[in-house]
Amino acid sequence: MNPAPEKEIREHELTMHVFTVSAGMVGVCLTAIGLLRLIASQTKVQTVGDDLLAIDALVFVSCACLAFWSFKTRHIALRRRLRVVVDTLFLCGLVAMAGICSIIAYAIL
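Position numbers for residues start from 1 in each chain and track the written sequence from start to end. Given that this is a predicted model, residues contribute local features only at a pLDDT of at least 70 and side-chain atom pairs are listed and counted only at 80 or more, while totals for whole chains, interfaces and linings are drawn from all residues. As a convention, hydrogens and water are excluded, and side-chain values are obtained from all of the structure's heavy atoms.

Asks: An account of the packing of aromatic side chains is requested, with residue identities and associated values reported.
Replies: Note on aromatic pairs: each is described by the distance of the centres and the angle between the planes. Only centres within 6.5 Å qualify two rings of Phe, Tyr or Trp (six-membered ring in Trp) as a pair; their planes then separate them into stacked at under 30 degrees, edge-to-face at over 60, and tilted for everything else. Inspection of every chain in the model, using the stated rule, returns three aromatic pairs. An angle of 70° between the planes, with centres 5.8 Å apart, marks the rings of Phe60 and Phe90 as edge-to-face. Of this pair, Phe60 sits in helix α2 (residues 44–72) while Phe90 sits in helix α3 (residues 76–108), and the two are 30 residues apart along the sequence. Only protein chains enter the accessibility calculation, which uses a 1.4 Å probe; a residue whose area is less than 20% of its type maximum is buried, one above 50% is exposed, and one in between is partly exposed. Classification of Phe90 as buried rests on a relative accessible area of 12%. Every member of this aromatic cluster is reached through a ring pair, and the members are Phe19, Phe68 and Phe71. Only DSSP runs of H or I reaching four residues or more are called helices, and only runs of E reaching two or more are called strands; each is numbered from the N terminus.

Asks: I'd love a proper account of the layout of surface pockets, names of residues and values included.
Replies: Using a grid of 1 Å spacing that covers the protein atoms alone, one calls a set of points a cavity when a 1.4 Å probe fits there but cannot get out, and a pocket when the set is open and has protein on both sides within 12 Å along at least five of seven lines; lining residues are those with an atom within 4 Å of a point. Grid points are joined across faces, edges and corners, and a volume is the space filled by probe spheres set on the points. What the largest pocket holds in volume is close to 180 Å³. Looking at the lining of the largest pocket, the elements with two or more residues in it are α1 (3–39) and α3. Three categories are distinguished: nonpolar for Ala, Val, Leu, Ile, Met, Phe, Trp, Tyr, Cys and Pro, charged for Asp, Glu, Lys and Arg, and polar for the others, with Gly belonging to the last. Here the residues of the lining of the largest pocket sort into two nonpolar, no polar and six charged.

Asks: So what about the nonpolar core? Which residues, and what values?
Replies: Residues enter a nonpolar core if they are buried and are Ala, Val, Leu, Ile, Met, Phe, Trp, Tyr or Cys, with the set joined through side-chain atoms within 4.5 Å. Cys29, Phe60, Val86, Phe90 and Met97 are the most contacted members of the largest nonpolar core, which has 13 residues in total. Elements supplying a minimum of two residues to this core: α1, α2 and α3. The element that contributes the greatest number of residues to this core is α2, accounting for five residues. Setting aside residues no more than four positions away along its own chain, Phe90 makes contact with Val18, Val21, Ser22, Phe60 and Cys63. Pairs of residues are marked as contacts when any of their non-hydrogen atoms sit within 4.5 Å.

By themselves, these figures tell us nothing about what the structure is for.
What follows is the structure in structure tokens.
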């Protein structure tokens, strides 16, 4: 059997997972912004944390949109490039979220 269709199916499934998780991470970012506004006092770190979480939410929205685009395109080369961009943005978003949470946790303590 030709390994190319199997690889394409695997890549499609991985991108589908990133698509669904990215949408969930937008909700996590928005929930964190709301909680931060409720429990933290009005400090510089809070406003920086809000701003960074909002940017991170936009990163995850971008991941979801680009992943959706990769599902719809018929151009194989474009689909591969989109998947690389989606994977990179998603990992950057996760790392950023971990850093932002560390900043917020340190500021609240």
